[in-house]
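Inside the fold
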Amino acid sequence: MSQLVFEQFLNGIQLGMFLFLVSAGLTLVFGFMNIINLAHGSLFMIGAYSIALISGATGSFWIGLILCLPVTALAAFIIEVLIIRPLYTRDHLDQVLATFGLILFINEGTTMLMGRTPQFVDMPEALSGSVTLFGVFSYPLYRLAIIASGIIVAAILWFIITKTRVGMQIRAGTTNREIVQQLGVNIDGLNTAIFLVGAMFAGLAGAMAGPLTSVEVGMGENLLILCFVCIVIGGIGSIRGALFGALTVGIVDTMGRSFLPSILGAFLDPASASGIAAGLSSMSIYLLMVIVLVLKPTGLFPVAGRIS
Amino acid sequence: MISERHLPKLMALGVLVLLLLPLMLNASGSSYLISTATRLVIFAIAAVSLDLLIGYTGLVSFGHAAFLGVGAYTVGILSFHAYEGDTFFGLPGTLSGLIVLPLAVALSALVALAIGALSLRTKGVYFIMITLSFGQMLFFLFVSLEKYGGDDGMMMFDGRITLPGLDLNDRMSFYYFCLACLIAFFWFCRRLVASKFGRTLQAIRQNEARLSSIGIRSYTAKLLIFVIAGAGAGLAGALSANHTEFVSPALTHWTRSGDLMIVVILGGIGTLLGPVLGTIVFLLLEEFLPLILHSVGLDLLSEHWRFVLGPILILIVLFAKSGIYGLLFRSRE
């Protein structure tokens, strides 16, 4: 039992790290650029497809992993220049409609190029197998690697945001763009940089998802909704909030799915318990978000002074 | 561009076209399109109700499909128990439209009251996300109703609801009934937004702080319009269940809420007529874009028509400031 609890807890953290990789870019783009980018999930998908293609062609997971970053960045650059830039000054609703159009375009384009059959990515030799933790628990190495890369990304972001000049400009820009621009900061350049970095994190997450799930069209959209939940729980624009939100969502979702059926089974008859548990566990993260927002209407770590 | 002064005349013309549409479709031997037209009319009701929130009050609800679901499941569950001949919490099922429709609308309004009361504590993007959450929670609630088909949904084996003097199982009658609902609801909304209450709503969108400072309680007004919009979407959901004689959680999925938002923005927010135009354009593109692409020889794209629809949406956003309505009409101001 304790092996199961431990394993599911780590799975929750792993899902959380994964969500964090995608949410980090989303919350920066949203908080700093004030852009709602529904197509952020498509960048995740582009990352996954590039690793499937490249590692399929070269036979090496690692070449695929490294090359998927410039591929996603290139896609993000084209998107930023052609579509996002004209939308900076526009209403959120216009951004929603335009990036929705972008999702249709990218998804359908991918279907045309790659067909409808899901692609699979082989797990790298070095990361397959399990390790024994604390002498008792065994856990898949690959999932552990995802947790590690999430921690590394979080550390890098924490360093950039809190310790560097660029980070200071980003923090200031999240609070009030116009004033920062008036002070002579090149906001347009920062915008593009943030968009590209956020896109690369999403692409990296997509690439790392490759060996765990099937790579298929539409994989980005469901993830996108989860990531919106994460950044809203954490407070928009806050990296710390995104990390906290992502870990909470990951753990609540995973634990709910694994343990709610048996917990409810203790009170109800098995047939209705499984139905209700399935519904409740899918609902749990949304319920969590509602509770958070009712108690703290701007998320748990609101960016101070941000005009939303 | 047409001046807004001609709007009443054009709307009368539009109603006339919608009235004659089934006759024309019958005459041209394409009566199967009556079903498409009915779907369009029902979707337009939901879109108009969402415009009350997005366009007039500035409340971007991303969970509007929840109320479609409540309306549809009210119809579905009552029909299910009428077919099985058993009871639901002691109440018998029924197909009588005089009971079912008002009940569907009332229940949607009640659910909207509960969701609105909590959601309206938040603002802006947080409101978008909290309404999305409630929508998703209802979606998963419907999925977990194993008795009513769970994931797969349920058929209405006894056919559509009954109304005295009108056979709704007849394609034409059902179309006209839905059209009557759309016209009545549209007329109601036009009156509503022109009223004093409507002014309050528009003031909330423009500057809520100023409104509170002159002593108007914006929360109550927002809650009221949220309930009205929810009731409208509930009506659309009830009609939709009858149209397809099938109810499933897919009706409540977040992509459905997304579609509703898309048609409202596409048509032009805050115009009521815009969302109707948006519905027409969006559903017609969905229906005919593959055929059009096929007929101009782009066979590859005909299967992948979304590849073309996406850029069309982007271009409309980038070059038409207030949607299709803005392209067609010149504002009076």
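Right, let's walk through the structure included here.

Cut-off values and rules
Residues numbered from 1 in each chain as written. Chains lettered and ligands numbered in written order. Predicted model: local features only at pLDDT ≥ 70, side-chain atom pairs only at ≥ 80, totals over all residues. Heavy atoms only, no water. Helix = DSSP H or I, 4+ residues; strand = E, 2+ residues; numbered from the N terminus. Rg over C-alpha atoms; globule rule 2.2 N^0.38 Å. Contact = heavy atoms within 4.5 Å. Areas by Shrake-Rupley, 256 points an atom, 1.4 Å probe, with all protein chains shown as cover. Buried < 20%, exposed > 50% of the residue type's maximum accessible area, 1.4 Å probe, protein only. Lys, Arg positive; Asp, Glu negative; His and termini not counted. Charge placed at Lys NZ, Arg CZ, Asp CG, Glu CD. Polar contact = N/O pair within 3.5 Å; in protein donor to acceptor, adjacent residues only side chain to side chain. Phe/Tyr/Trp six-rings, centres within 6.5 Å; stacked < 30°, edge-to-face > 60°. Salt bridge = Lys/Arg side-chain N within 4 Å of Asp/Glu carboxyl O. Core = buried A, V, L, I, M, F, W, Y, C linked by side-chain atoms within 4.5 Å. Patch = residues over 30% accessible without salt bridge, like charges linked within 9 Å, V, L, I, M, F, W, Y side chains within 5 Å. Pairing = 2+ DSSP bridges. Expected span 1.5 Å × (residues − 1). Buried area = accessible area lost by both parts, 1.4 Å probe. Axes fitted to C-alpha atoms, helices over the stretch in contact; angles between N-to-C directions. Left-handed = near helix turned anticlockwise from the far one by under 90°. Nonpolar A, V, L, I, M, F, W, Y, C, P; charged D, E, K, R; others polar.

A few words on the overall build of chain A. If you tally the helices and strands in chain A, you get eleven helices and two strands. When its helices and strands are written in sequence order, chain A yields α-α-α-α-β-β-α-α-α-α-α-α-α. In summary, chain A has a C-alpha radius of gyration of 20 Å against a globular reference of 19 Å for 308 residues, a match within 12%. Each principal axis of the C-alpha atoms in chain A carries an extent, and together these give about 60 × 50 × 40 Å. Looking at chain A alone, contacts between residues at least 24 apart form 78% of all its contacts between residues at least 6 apart. Of the accessible surface of chain A, which amounts to about 12800 Å², a share of 70% is contributed by carbon and sulfur atoms.

This part is about the overall build of chain B. For chain B, the count of helices and strands is 14 helices and six strands. Computed over its C-alpha atoms, the radius of gyration of chain B comes to 20 Å, within 12% of the 20 Å expected for a compact globule of 333 residues. Summarising its shape, the C-alpha atoms of chain B cover approximately 60 × 55 × 40 Å along the three principal directions. Across the 333 residues of chain B, 56% fall into the buried class. If you sum the accessible surface of chain B, you get close to 14400 Å²; carbon and sulfur atoms cover 66% of it. Of the charged side chains in chain B, 21 are positive and 18 negative, and the gap between their average positions amounts to 20 Å.

Take the side chain of Arg90 of chain A next. Its location among the elements puts Arg90 of chain A in the loop between helix 3 (61-84) and helix 4 (92-114). At a separation of 2.5 Å, a polar atom in the side chain of Arg90 of chain A contacts the main-chain carbonyl oxygen of Val317 of chain B. Residue contacts for Arg90 of chain A: discarding those within four places in its chain leaves Gln95 of chain A together with Val317, Leu318, Ala320 and Lys321 of chain B.

This part takes up the packing of aromatic side chains. Aromatic ring pairs are described here by two measures, namely the spacing of the ring centres and the angle between the planes. Residues and elements named next belong to chain B. One pass over the full model with this rule turns up 17 aromatic pairs over all chains. Taking the centre distance of 5.8 Å and the plane angle of 85 degrees together, the rings of Phe67 and Phe226 count as edge-to-face. Of this pair, Phe67 sits in helix 3 (residues 65-84) while Phe226 is found in helix 9 (residues 218-244), placing the two residues 159 residues apart along the sequence. A relative accessible area of 1% means that Phe226 is categorised as buried.

On to the pattern of salt bridges, then. Pairs may arise between side chains of opposite charge once their charged atoms sit close together. Residue and element names in this part refer to chain B. In total, this model carries eight salt bridges over all chains according to the counting rule given. Here Arg39 ties to Glu286 by a salt bridge, and the two come within 3.4 Å at their closest N and O atoms. Note that Arg39 is positioned in helix 2 (residues 33-57) and Glu286 in helix 11 (residues 273-295), a separation of 247 residues in sequence.

A few words on the nonpolar core. Counting 213 residues, the largest nonpolar core has Phe20, Met33 and Phe228 of chain A as the members making the most contacts within it. If you tally residues by element for this core, the top one is helix 2 of chain B, at 17 residues. With residues near it in sequence (within four places) discarded, Phe228 of chain A still touches Leu26, Phe30, Ile36 and Leu38 of chain A together with Met129 of chain B. In terms of nonpolar packing, the next biggest core, distinct from the first, is built from eight residues, Phe6, Leu10, Ile13 and Ile147 of chain A among them.

Bringing the environment of Leu327 of chain B into the picture now. Residues and elements named next belong to chain B. Take Leu327: it is sitting in helix 14 (residues 323-328). What makes Leu327 partly exposed here is its relative accessible area of 48%. Distance in space between the C-alpha atoms of Leu327 and Ile316 is 9.3 Å, their sequence separation being eleven residues. For Leu327, the residues in contact, after removing those within four places along its chain, are Met1 and Ala320.

For the rest of this paragraph, the subject is a nonpolar patch on the surface. Residue and element names in this part refer to chain B. A cluster of nonpolar residues, Ile2, Leu10, Leu13, Leu16, Val17, Leu19, Leu20, Leu23, Met24, Leu327 and Leu328, forms a patch on the protein surface that exposes about 900 Å² of accessible area. Elements represented by at least two residues in the nonpolar patch include exactly helix 1 (7-27) and helix 14. For the nonpolar patch, the element with the most residues is helix 1, which contributes eight residues. One can find Leu13 in helix 1.

It is worth spelling out the pairing of strand 1 (residues 130-133) of chain A at this point. Residues in a regular strand project their side chains so that they alternate between the two faces of the sheet. All names here are of chain A. Pairing between strand 1 and strand 2 (residues 137-140): four bridges, direction antiparallel. Bridge pairing in strand 2 links Thr132 to Ser138. The antiparallel pairing of strand 1 with strand 2 creates a hairpin that spans three residues between the two strands, and Phe134 there sits at a positive phi of about 55 degrees.

Moving on: helix 5 (residues 124-143) of chain B. When the terminal C-alpha atoms of helix 5 of chain B are compared, their 29 Å separation across 20 residues agrees well with the 28 Å that a helix rising 1.5 Å per residue should span. With 18 of 20 residues buried, helix 5 of chain B is to be regarded as a mostly interior element.

This part takes up the interface of chain A and chain B. On the side of chain B, 40 residues touch chain A, which itself brings 43 residues to the contact. The junction of chain A with chain B conceals about 4000 Å² of combined surface from both sides, 81% of it contributed by carbon and sulfur atoms. Here chain A and chain B share one salt bridge between them. For Arg306 of chain B, the salt bridge goes to Glu108 of chain A, with nearest N and O atoms at 3.5 Å. In this structure, the connection of chain A to chain B is made through five residue pairs in polar contact (both at pLDDT 80 or more).

Take the packing of helix 4 (residues 97-119) of chain B against helix 9 of chain B next. All names here are of chain B. With their axes 7 Å apart at the nearest point, helix 4 and helix 9 run at an angle of 140 degrees to one another. Where helix 4 crosses over helix 9, the handedness of that crossing is right-handed. Two secondary-structure elements touch here, helix 4 through Leu101, Ala104, Val105, Ser108, Ala109, Ala112, Leu113, Ile115, Gly116 and Ala117 and helix 9 through Tyr219, Leu223, Phe226, Val227, Gly230, Ala231, Gly234, Leu235 and Ala238. Tallied by class, residues from the contact of helix 4 with helix 9 come to 15 nonpolar, four polar and no charged.

On to unusual backbone geometry. Residues and elements named next belong to chain B. Unlike most non-glycine residues, Glu245 shows phi in positive territory, near 50 degrees. Note that Glu245 resides in the loop between helix 9 and strand 5 (246-247). Even without glycine at this site, Leu272 takes up a positive phi of about 60 degrees. By the secondary structure assignment, Leu272 is in the loop between helix 10 (254-267) and helix 11. What makes Leu272 buried here is its relative accessible area of 1%.

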